[in-house]
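If you want the building blocks of each chain, they are given just below.
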Amino acid sequence: MPQIAQLALVYQSQWFWLLVVLAGIYFVVGKGIVPKVEATVDNRDATIAADLAAAEAARAEADAAEEQLRANDLAARGSAQATTAEAKAQAAKAGEVRMAKADFKTAKLLAEAEARIAKSRSAALESIEGVAAEAAAEIVAKVSGAKVTAAAAAKSVKAVLANV
Amino acid sequence: MAGEAKIDPMHQFLITPIGSDTLAASPFQFTNSSLWMLIVFAAILAFMWGGMKRQIVPGRWQVAVEGMTGFLDNITRTSIGAEGRRYLPWVFTAFTFILFSNWIGAMPFGIVPGAHPFTVTSQFSVTMFMSVLSFAIVLGVGFWKHGLHFFSLFVPAGAPLPVKLFVAPIEFVSFMVRPFSLGLRPFIAMFAGHVLLDVFGNFVVQGLNAGGPLGYAISALCFVAVIGVNALELLVGAIQAYVFALLTALYINDAVNLH
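Now for a look at the structure at hand.

**Looking at the overall build of chain B**
Phase 1 of the analysis: Check the secondary structure of chain B and you find six helices and zero strands.
Phase 2 of the analysis: Secondary structure elements of chain B occur, N-terminal to C-terminal, as α-α-α-α-α-α.
Phase 3 of the analysis: Its C-alpha atoms give chain B principal-axis dimensions of about 70 × 55 × 40 Å.
Phase 4 of the analysis: Across the 259 residues of chain B, 44% fall into the buried class.

What follows is the structure, encoded as structure tokens:
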């Protein structure tokens, strides 16, 4: 086993060169390069974290904008509905007024027509009285031969008609 | 080794001098082991350098580098807590050095003429040195942060006195054994794995040399075995690096937080 057989002869050079190499690795790599690599990793992690935070903020902003949009939409819809309701109410009012006017006109026409009807009825009634009186006078003359004046016949017809 | 097919699985662990003929017992003696340590260092530097583009949207290489640092950062953070980042450089150093040594040692550099692959972590002089360093960090942090109160680490809190008297020596021994177990683990894994690879590889060649149906069958079988052991070796290499880093972090946690 050379490791034991040569030990006395080689341990000094082994330890010397090992110390040189280990010191080289320790100071150049361990203390020089490794912290820089670690710093790069930390830097990257920080960048990623910052980017994620920025993305999160942007998302929150977008959410807020959408919320705002929705609220605006809702408000516009509400105002539109109010406008519609107002217009409807106005239209209804106008309709009512027109209806009332038309009703008034119709009532007037109706009243005139009724007046005309009443007039013509009374005229007709008067002419019926005249005809009835003539007929009565004639009937009396034929039945009894008595001559009845037109005025007396009209008088008694009027009395009878009033009793009807 | 040439000519006669002699199985010598230990040859791969031999440390040979580079630039001189004989090994000198000197710290500055450059050997194949030193060379492969420097190659490991260069590979780690190249790997980490490739991940230094520092882009917000990383490429594949950068993801690999960031994955490794993140993995080790996670180990220190979960094991030690918020203070763990202070100990990340050492945990990172230990992990990458063991991982790259194990994996580079398992690469088939032997097919390149003149190249002699060498696994740095198959030398317990290397792994023990690293575990002792980890242990020294644990002791240093423990005594610096808690003073002599650090010894309360060996006493189970809330236990009755007889239990404390009984358990404290056991805890102390288990604590003192830590550097050995920590250093032996990666060494044994690499040592055994490479011996196995060498033995099976030799069987492949010897089977072919012997010829005949039996020889070819053994050769084919051993070839499959070599592939399997190689795959296992890569897995074990990563696991050992992970275990070393994790245990180092856990031991440092003991020193930082005292239970």
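**Considering the interface of chain B and chain A**
Phase 1 of the analysis: Of the residues lining the interface, 52 residues belong to chain B; the matching set on chain A comes to 38 residues.
Phase 2 of the analysis: Area buried by chain B at its contact with chain A is led by Arg54, Ile56 and Phe129 of chain B, which between them contribute 14% of it.
Phase 3 of the analysis: One can count three salt bridges joining chain B with chain A.
Phase 4 of the analysis: A salt bridge links Glu66 of chain B to Arg44 of chain A; its shortest N-O distance comes to 2.9 Å.
Phase 5 of the analysis: When residues of the side of chain B that touches chain A are traced back to their parent elements, those giving at least two are α1 (32-50), α2 (60-80), α3 (88-106), α4 (124-146) and α5 (161-210) of chain B.

**Some thoughts on the packing of helix α2 (residues 7-144) of chain A against α4 of chain B**
Phase 1 of the analysis: Closest axis-to-axis distance for the α2 of chain A/α4 of chain B pair is 9 Å, and the angle between their directions is 50°. With respect to their mutual orientation, α2 of chain A and α4 of chain B come out oblique. Pair α2 of chain A / α4 of chain B crosses with right-handed handedness. Contacts between α2 of chain A and α4 of chain B involve Leu7, Gln14, Trp15, Leu18, Leu19 and Leu22 of chain A from the former and Phe124, Ser125, Val126, Phe129, Met130 and Leu133 of chain B from the latter.
Phase 2 of the analysis: Here the contact of α2 of chain A with α4 of chain B is built from residues that sort into 10 nonpolar, two polar and no charged.

**With respect to the packing of α4 of chain B against helix α6 (residues 212-257) of chain B**
Residue and element names in this part refer to chain B.
Phase 1 of the analysis: Look at α4 against α6: their axes get within 8 Å of each other, and the N-to-C directions meet at 15°. Relative to α6, α4 is oriented roughly parallel. In the packing of α4 onto α6, the handedness of the crossing is right-handed. Packed against α4, whose contacting residues are Met130, Ser131, Ser134, Ile137, Val138, Val141, Gly142, Lys145 and His146, the element α6 presents Phe244, Thr248, Tyr251, Ile252, Ala255, Val256 and Asn257 at the interface.
Phase 2 of the analysis: Residue composition of the contact of α4 with α6, by class: nine nonpolar, six polar and one charged.

**Here we look at α2 of chain A**
Phase 1 of the analysis: At Val29 of chain A, α2 of chain A shows its maximal bend, which comes to roughly 30°.
Phase 2 of the analysis: At the C-terminal side of α2 of chain A, Gly145 of chain A shows a positive phi close to 80°.

**Some points on the pattern of salt bridges**
All names here are of chain A.
Phase 1 of the analysis: Counted according to the given criterion, the structure contains 11 salt bridges over all chains.
Phase 2 of the analysis: Ionic pairing is found between Glu56 and Arg59, a salt bridge with its closest N-O pair at 3.2 Å. Taken together, the positions of Glu56 and Arg59, both in helix α2 and three residues apart, correspond to about one turn of that helix.
Phase 3 of the analysis: Judged by its relative accessible area of 44%, Glu56 falls in the partly exposed class.
Phase 4 of the analysis: Residue classification places Arg59 among the exposed positions, given a relative accessible area of 51%.
Phase 5 of the analysis: For Glu66, the salt bridge goes to Arg70, with nearest N and O atoms at 2.7 Å. Residue Glu66 and its partner Arg70 are located together in helix α2, separated by four residues, close to a single helical turn.
Phase 6 of the analysis: For Glu66, a relative accessible area of 42% gives the class partly exposed.

**Things to note about a nonpolar patch on the surface**
All names here are of chain B.
Phase 1 of the analysis: Together, Phe172, Val173, Met176, Val177, Phe180, Leu184 and Ile188 make up a nonpolar patch on the protein surface, roughly 610 Å² of accessible area in all.
Phase 2 of the analysis: Take Met176: it is sitting in helix α5.
Phase 3 of the analysis: Residue Met176 is classed as partly exposed on the basis of its relative accessible area, which comes to 36%.

**Here's the deal with the packing of aromatic side chains**
Phase 1 of the analysis: Across all of its chains, the model carries 21 aromatic pairs over all chains by this definition.
Phase 2 of the analysis: On the numbers, 5.1 Å between centres and 80° between planes, the contact of Trp17 of chain A with Phe30 of chain B is edge-to-face. You can see Trp17 of chain A sitting in helix α2 and its partner Phe30 of chain B sitting in the segment before α1, one on each of two chains.
Phase 3 of the analysis: With a centroid separation of 5.2 Å and 70° between ring planes, the pair formed by Phe154 of chain B and Phe175 of chain B is classed as edge-to-face. Highlighted residues: Phe154 of chain B in the loop between α4 and α5 and Phe175 of chain B in helix α5, separated in sequence by 21 residues.
Phase 4 of the analysis: Here Phe175 of chain B falls in the buried class, since its relative accessible area comes to 3%.
Phase 5 of the analysis: Aromatic rings pair up to connect Phe135, Phe143, Phe150, Phe151, Phe154, Phe172 and Phe175 of chain B into one cluster.

**Concerning the environment of Gly140 of chain B**
Phase 1 of the analysis: Turning to its location among the elements, Gly140 of chain B is positioned in helix α4.
Phase 2 of the analysis: The spacing of Gly140 of chain B and Ile252 of chain B is 112 residues in sequence and 9.7 Å in space, taken between C-alpha atoms.

**Some details on the nonpolar core**
Phase 1 of the analysis: With 59 residues, the main nonpolar core has Met48, Met68, Leu72, Phe97 and Met130 of chain B as its most contacted residues.
Phase 2 of the analysis: Breaking this core down by element, the ones donating at least two residues are α2 of chain A together with α1, α2, α3, α4, α5 and α6 of chain B.
Phase 3 of the analysis: Not counting the four nearest positions on each side in its chain, Met68 of chain B is found in contact with Phe47, Met48, Phe92, Phe95, Thr96, Leu99 and Phe100 of chain B.
Phase 4 of the analysis: Counting residues in each nonpolar core, the second largest holds six residues, with Phe124, Met128, Phe187 and Phe191 of chain B among its members.

What counts, and where the lines are drawn
Residues numbered from 1 in each chain as written. Chains lettered and ligands numbered in written order. Predicted model: local features only at pLDDT ≥ 70, side-chain atom pairs only at ≥ 80, totals over all residues. Heavy atoms only, no water. Helix = DSSP H or I, 4+ residues; strand = E, 2+ residues; numbered from the N terminus. Buried < 20%, exposed > 50% of the residue type's maximum accessible area, 1.4 Å probe, protein only. Contact = heavy atoms within 4.5 Å. Buried area = accessible area lost by both parts, 1.4 Å probe. Salt bridge = Lys/Arg side-chain N within 4 Å of Asp/Glu carboxyl O. Axes fitted to C-alpha atoms, helices over the stretch in contact; angles between N-to-C directions. Parallel < 35°, antiparallel > 145°, perpendicular 65-115°, else oblique. Left-handed = near helix turned anticlockwise from the far one by under 90°. Nonpolar A, V, L, I, M, F, W, Y, C, P; charged D, E, K, R; others polar. Bend = angle between axes of the 7 residues up to and from the residue. Patch = residues over 30% accessible without salt bridge, like charges linked within 9 Å, V, L, I, M, F, W, Y side chains within 5 Å. Areas by Shrake-Rupley, 256 points an atom, 1.4 Å probe, with all protein chains shown as cover. Phe/Tyr/Trp six-rings, centres within 6.5 Å; stacked < 30°, edge-to-face > 60°. Core = buried A, V, L, I, M, F, W, Y, C linked by side-chain atoms within 4.5 Å.

Bear in mind that shape data such as this cannot, by itself, settle questions of function.
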